[in-house]
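Each chain, written out:
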Amino acid sequence: MNPNNIQDTLQTGFRVSLGATTSLIESLQDEQKREENLSLLNLDFNQQVAELSKKGEKTEQEAQRLIGQMFSQMNQPTDSATPSTPSDSGSTPPTGTTSRSTQQELEELTVQIALIRTELEQMRNPDSSQQ
């Protein structure tokens with residue numbers, strides 16, 4: 001067997017599966033697409049495979065484009081104005097005052113956690129607190 005033939009067969013199988021899945025989802029979401037996809041069943045097997053392969057290839061290309069866009073947005077410098085990214089809002093404080101107040105809040109929270117921990121230990125072992 002020719003390795004390229006195996007690769008082509010696997011790729012076609014993947015695209016047909018992807019196309020069939022896309023057709024199924026479209027059928028569930030849109031009545032017009034449902035009718036189009038049902039008419040696809042009237043074609044012979046080779047035509048069905050070709051149509052589903054085309055649809056799968058389109059879906060694959062759209063997914064690659066979308067993933068490429070996501071990666072390019074992630075690789076952009078953070079100082080550009082992109083308010084939609086959640087990492088910009090709370091990453092590093094811009095001034096020393098903010099970092100001091102954040103540090104103070106962290107210390108206060110640590111103390112509160114220690115107090116809660118002590119209370120929980122006392123609630124678990126009521127006998128040890130009376131000694």
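Preceding block: the structure.
Values in this document were obtained by computation on a predicted structure and should not be read as measured data.

### A short note on the overall build of the protein chain
Of regular secondary structure, the protein chain possesses six helices and zero strands. In sequence order, the secondary structure elements of the protein chain are arranged as α-α-α-α-α-α. By residue count, 10% of the 131 residues in the protein chain fall in the buried class. A separation threshold of at least 6 residues defines the contact pool for the protein chain, and within that pool the share at least 24 residues apart is 55%.

### Quick look at the environment of Ser27
Mapped onto the fold, Ser27 is located in helix α1 (residues 3–29). With a relative accessible area of 12%, Ser27 lands in the buried category. It is 8.7 Å that separates the C-alpha atoms of Ser27 and Leu38, two residues lying 11 residues apart in sequence. Contact partners of Ser27, with chain neighbours within four places excluded, come to Lys33, Arg34 and Asn37.

### Here's the deal with the side chain of Thr22
By the element assignment, Thr22 lies in helix α1. If we skip the residues at most four places from it in the chain, Thr22 touches Lys55 and Thr59.

About the thresholds
Residues numbered from 1 in each chain as written. Predicted model: local features only at pLDDT ≥ 70, side-chain atom pairs only at ≥ 80, totals over all residues. Heavy atoms only, no water. Helix = DSSP H or I, 4+ residues; strand = E, 2+ residues; numbered from the N terminus. Buried < 20%, exposed > 50% of the residue type's maximum accessible area, 1.4 Å probe, protein only. Contact = heavy atoms within 4.5 Å.

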